[in-house]
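Observations on the three-dimensional arrangement
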Amino acid sequence: MLCSLSRVSNVFGAGLSFLLAMAILISQSGCRAQNCEQNSNCGLTRDLFSHKLEPPVDENRDNSTIFTVILDRLLDGYDNRLRPGLGADTVTEVETDIYVTSFGPVSDTDMEYTIDVFFRQSWSDERLKFVGPIKTLPLNNLLASKIWTPDTFFHNGKKSVAHNMTTPNKLLRLRDNGTLLYTMRLTIHAECPMQLEDFPMDVHACPLKFGSYAYTKSEVSYVWMNGKERSVEVAKDGSRLNQYDLMGHEADTQLIKSSTGDYVVMTTHFHLKRKIGYFVIQTYLPCIMTVILSQVSFWLNRESVPARTVFGVTTVLTMTTLSISARNSLPKVAYATAMDWFMAVCYAFVFSALIEFAAVNYFTKRSWAWDGKKAMQAQEYKRKEPVALSKKANNTYNIVGTTYTLNIAKDPGLATIAKSAAAPAKVARVEEKVLECKKTYNSVSKVDKLSRIVFPVLFFIFNLVYWATYVNREPVIKDANRPH
């Protein structure tokens, strides 16, 4: 009996000592956790990954759980309304980069172009530093709405679209030192000021300008990520241009002053050169052929009034139609383009050919009236004095008013005229006058002869000067918005 009581007392004592030891351990761990919460240099991440303290996590816990804990800890107390470095009075530097996936089309009438880009921004935020098993965290785009991001906008953008199919096309990466990379896919309709004096042999520089909307240069500053030469890249198959050649691009930085402060503006100019092949086929060749067709009328008879009238009027109307159709594809600018000058000169040649025919026809009518009067007089004279033979009773005949005796002496079958007749010579002179009148009536005008040489030579000289001037001209990019 005594032995059983002693055994029970020993078991009870061992149990009590075990409970006491557990209570001491729990109290020590509680004190240690309280000390860690009071100490600002001791965080959950330091407990997990410090060499001095053993990690209180299970060995089977995966990395995703660790990253969730890290992100929750980083966003705890984070205020996305404040930019990085606000309290330290430092300038937030935003590095930018552009990768152009497609460029075009370009609208001449609206003076705008369309561009599809991957727009990249990178900046550093000290509040997002962490210590973990990897250096870079690839994050979902939903986190972008919970942290501070630059308020970048496009100065010359008329309309910008952020792609959201099938999910928002955004990328966000966080490095352990607090550096963020934020990339999004955008389609931008931007303004492109054009100077069309040299159209269609013109060259343009279409700008793409972006910067901060609210932060001045003393708060947020933009720089090119890889320098001005390599920060803007265009894909090899990215051109979507039918009427232009993308000659290259140029990156630059501007400083714009306004009433609210000075702002840093990043600028990229895309150099475009127009292709002239379309306009040669649709405008230049038809104009040249119309001018040549108008000069064919110089080789027609000046009495062919209907034919030459049709040539002149048709060519004038054709040039009018060509000029109107060529203007439809251009904005309504107040100055004349190179094509306008060419069509104006062609119109002048065609209209001059019509005026030349009017002058020739005027003098032809006067000449016809004069020569016709001579012909009528000759015919009237011939009708009044016909070669008429009237037989008389005494073997005499009256020929053109003169009496001749017909001698039949030896051979009654042979009749001779005693006197030489002078009237046939006079009739021959009348017929010669009639032929001379007809020859004068059908002669070629001297104005037509001169026009056959002068008009083609002048038109050839004009084309030679025109194409030599515009084709060999060095391309000059005119941009009134560039800084001086």
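The present account deals with the structure reproduced in this document. From a predicted model like this one, the values you see are computed outputs, not experimental measurements.

Remarks on the pattern of salt bridges
Enumeration over the complete set of coordinates arrives at 15 salt bridges. Glutamate 303 serves as the salt-bridge partner of arginine 302, at 3.6 Å between the closest nitrogen and oxygen. The exposure class of glutamate 303 is partly exposed, given its relative accessible area of 22%. Linked by salt bridges that have partners in common, Asp108, Asp202 and Arg274 make up one network.

Things to note about helix 6 (residues 305–328)
The end-to-end C-alpha distance of helix 6 is 35 Å, a good match for the 34 Å that 24 residues give at a rise of 1.5 Å each. Among all positions in helix 6, only Arg308, Gly312, Thr315, Val316, Met319, Leu322 and Ala326 are buried.

Brief notes about the packing of aromatic side chains
Any pair of aromatic rings gets described here by the distance separating the centres and the angle formed by the planes. What the rule picks out here adds up to 26 aromatic pairs. An aromatic cluster of at least three residues, connected via ring pairs, comprises Tyr284, Phe298, Phe342, Phe349, Phe455, Phe459, Phe462, Tyr466, Trp467 and Tyr470. Against the face of tryptophan 299 rests arginine 452, its NZ or CZ located 4.3 Å from the ring centre.

A look at the packing of helix 5 (residues 277–295) against helix 6
Running from N to C, helix 5 and helix 6 point in directions that differ by 165°, and their axes come no closer than 9 Å. The angle between helix 5 and helix 6 falls in the class roughly antiparallel. Crossing of helix 5 over helix 6 shows left-handed handedness. Of the residues in helix 6, those in contact with Gln282, Thr283, Pro286, Cys287, Thr290, Leu293 and Ser294 of helix 5 are Phe311, Thr315, Thr318, Met319, Leu322 and Ala326. Taken together, the residues of the contact of helix 5 with helix 6 break down into 7 nonpolar, 6 polar and no charged.

Quick look at the state of the cysteines
One pass over the full model with this rule turns up 1 disulfide. Note on cysteine connectivity: cysteine 192 is disulfide-linked to cysteine 206, with sulfurs 2.0 Å apart. One quick way to see it: the torsion about the S-S bond of cysteine 192 and cysteine 206 is about -75°, and its sign makes the bridge left-handed. Linking cysteine 192 in the loop between strand 7 (179–191) and strand 8 (203–212) with cysteine 206 in strand 8, this pair joins segments that are 14 residues apart in sequence. You can see cysteine 287 has no disulfide; the closest cysteine sulfur is in cysteine 346, sitting 5.0 Å from it. According to the relative accessible area criterion, cysteine 287 is buried, its value standing at 0%.

Quick notes on the side chain of serine 297
When you line up the elements, serine 297 lands in the loop between helix 5 and helix 6. For serine 297, the residues in contact, after removing those within four places along its chain, are Arg308 and Phe311.

A closer look at the pairing of strand 1 (residues 92–107)
Along any regular strand, the residues point their side chains to alternate faces of the sheet. The pairing of strand 1 with strand 9 (residues 220–224) spans 5 bridges and is parallel. Within strand 9, the residue paired with threonine 96 across the bridge is tryptophan 224. As consecutive antiparallel partners, strand 1 and strand 2 (residues 112–124) are separated by 4 residues, and within that stretch methionine 111 has a phi angle of approximately 55°, a positive value. Pairing analysis gives 3 bridges linking strand 1 to strand 10 (residues 232–234), with the strands arranged parallel. Its bridge partner being in strand 10, valine 100 is matched across the sheet by valine 234.

Here's the deal with the sheet that holds strand 11 (residues 244–258)
In space, the 4 strands of this open sheet follow the order 4-8-12-11, with antiparallel pairing throughout. Each edge of the sheet is formed by a strand with only one pairing partner; in this case those strands are strand 4 (152–154) and strand 11. The sheet shows a mean angle of 20° between the axes of neighbouring strands, taken without regard to direction.

A closer look at the side chain of aspartate 340
Within the secondary structure, aspartate 340 is located in helix 7 (residues 338–384). Residue contacts for aspartate 340: discarding those within four places in its chain leaves Arg327 and Tyr335.

What to know about the packing of helix 5 against helix 9 (residues 446–471)
Running from amino to carboxyl end, helix 5 crosses helix 9 at an angle of 165°, the nearest separation of the two axes being 10 Å. Regarding the angle of helix 5 to helix 9, the classification is roughly antiparallel. Along this stretch, helix 5 crosses helix 9, giving a crossing that reads as right-handed. Across the interface between the two elements, Tyr284, Ile288, Val291 and Gln295 from helix 5 touch Phe455, Pro456, Phe459, Asn463, Tyr466 and Trp467 from helix 9.

Considering unusual backbone geometry
In the segment running from glycine 104 into proline 105, the intervening peptide bond is cis, with an omega of 5°. Mapped onto the secondary structure, proline 105 falls in strand 1. The phi angle at methionine 111 is positive, at roughly 55°, despite the residue not being glycine. Its location among the elements puts methionine 111 in the loop between strand 1 and strand 2.

Rules behind the numbers
- Residues numbered from 1 in each chain as written.
- Predicted model: local features only at pLDDT ≥ 70, side-chain atom pairs only at ≥ 80, totals over all residues.
- Heavy atoms only, no water.
- Salt bridge = Lys/Arg side-chain N within 4 Å of Asp/Glu carboxyl O.
- Buried < 20%, exposed > 50% of the residue type's maximum accessible area, 1.4 Å probe, protein only.
- Helix = DSSP H or I, 4+ residues; strand = E, 2+ residues; numbered from the N terminus.
- Expected span 1.5 Å × (residues − 1).
- Phe/Tyr/Trp six-rings, centres within 6.5 Å; stacked < 30°, edge-to-face > 60°.
- Lys NZ or Arg CZ within 6 Å of the ring centre and 35° of its normal.
- Axes fitted to C-alpha atoms, helices over the stretch in contact; angles between N-to-C directions.
- Parallel < 35°, antiparallel > 145°, perpendicular 65-115°, else oblique.
- Left-handed = near helix turned anticlockwise from the far one by under 90°.
- Contact = heavy atoms within 4.5 Å.
- Nonpolar A, V, L, I, M, F, W, Y, C, P; charged D, E, K, R; others polar.
- Disulfide = S-S within 2.5 Å.
- Pairing = 2+ DSSP bridges.

On their own, these measurements won't tell you what the molecule is for.
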